[in-house]
Amino acid sequence: MSTSATSSRTWRGALSTVEVNASFYRLQRPSTYERWYDTTPDGFGFAVKGSRFLTHQRRLRDPEVPLATFLASGVLALREKLAPFLWQLPAEGAPTPERLDAFCAMLPRSYGAAAALAAGHGPQIDESRTWLPPDGKGARRPLAHAVEVRSERALDEVTEILRRHGMALVVSDGAGTWPLIERATADFAYVRLHGHTRLYHGGYSDHRLRRWADRIRGWGVETWVYFDNDADGRAPYDAERLARRMR
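By convention here, each chain's residues receive numbers from 1 onward along its written sequence. Local features in this predicted model are restricted to residues whose pLDDT is 70 or higher, and side-chain atom pairs enter the listing and the counts only when it is 80 or higher, whereas totals over whole chains, interfaces and linings include all residues. With hydrogens and water stripped out, all remaining heavy atoms of the structure feed into the side-chain values.

Q: Sorry if this is basic, but what is going on with the overall build of the protein here?
A: Where helices and strands are cited, they refer to DSSP runs of H or I of at least four residues and of E of at least two residues respectively, numbered from the N terminus. For the protein, the count of helices and strands is nine helices and nine strands. Taken against the 2.2 N^0.38 rule, which gives 18 Å for 247 residues, the C-alpha radius of gyration of the protein at 17 Å falls within 12% of a compact globule. Along the first, second and third principal axes, the C-alpha set of the protein runs to 50 × 40 × 30 Å. Relative accessibility under 20% of the residue-type maximum defines a buried residue, over 50% an exposed one, and the middle range a partly exposed one, all with a 1.4 Å probe and only protein chains included. Counting across all 247 residues of the protein, residues that qualify as buried make up 52%. The method behind every accessible area is Shrake-Rupley, applied with a 1.4 Å probe, and residues are considered shielded solely by the protein chains displayed. Only carbon and sulfur atoms are counted for the fraction: they give 47% of the accessible area of the protein, which is about 11,000 Å². Positive residues here are Lys and Arg, negative ones are Asp and Glu, while His and the chain termini are left out of the count. Charge positions come from single atoms, namely NZ of Lys, CZ of Arg, CG of Asp or CD of Glu. In the protein, which carries 35 positive and 29 negative side-chain charges, the distance between the mean positions of the two groups comes to 3 Å. The size measure is the radius of gyration over C-alpha atoms, and the globule rule it meets is 2.2 Å times the number of residues to the 0.38 power.

Now the structure itself:
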């Protein structure tokens, strides 16, 4: 499976979800999403990372057609296994708060709304690379979104925008490369653990995992946690260790 983060959804147990990072770099094929759906158990969740074309290249400028194209590329084939979407903003040259606000307003909050938006996709994908749900099935299924910021620029304004739209502000540990921001903006939380002492490397100590477990319990909301310290292969083990501490 093309991912860069192995993960644990803390209230269910070990490895019940995965964050898909490949979708950030390029559009995946519908057959890929269908295979992921078919080969994972009931209750599994996929947090799909939004395209960098939207967030980093266009800086959320005129997002409607690129967003529709992303949604039409097969993402919706995950159906009820769709976990929150992740939208990572660049540390330098992040979109203006005005663009972020407009983008948040456009993001679909239901499966049916996502399908309707996806129907307006651009020419980058033809019918062989498009997947739209048949017959409006699952249209009322809710969708959630989380945003990772890597700068404190206009943070108060960004926080208010996400809170108004009910989107989670990601709690992101990046080994000091960017600020770790903890602000509640939604009825769920989303955590990305990229490595505490070295970005994408090393493992989390028992002490660090205990602190994260205590912090997550203190929030008292549904929490999605993903480990991205995979360069040394520690991500799945740390995910399982944290999950055990949450039981």
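So that's the structure; there's more coming.
Q: Honestly, the pattern of salt bridges in this entry has me stumped. Any pointers?
A: Proximity of charged atoms lets side chains of opposite charge pair with each other. Note on definitions: salt bridges are taken to be side-chain nitrogens of Lys or Arg within 4 Å of carboxyl oxygens of Asp or Glu. The full count for this structure, using the stated rule, is 12 salt bridges. Asp-62 is the salt-bridge partner of Arg-58, the closest N and O atoms lying 3.9 Å from each other. Note that Arg-217 and Asp-214 form a salt bridge whose closest N and O atoms lie 3.2 Å from each other. Of this pair, Arg-217 and Asp-214 are both found in helix α8 (residues 206-219), three residues apart, which corresponds to roughly one turn of the helix.

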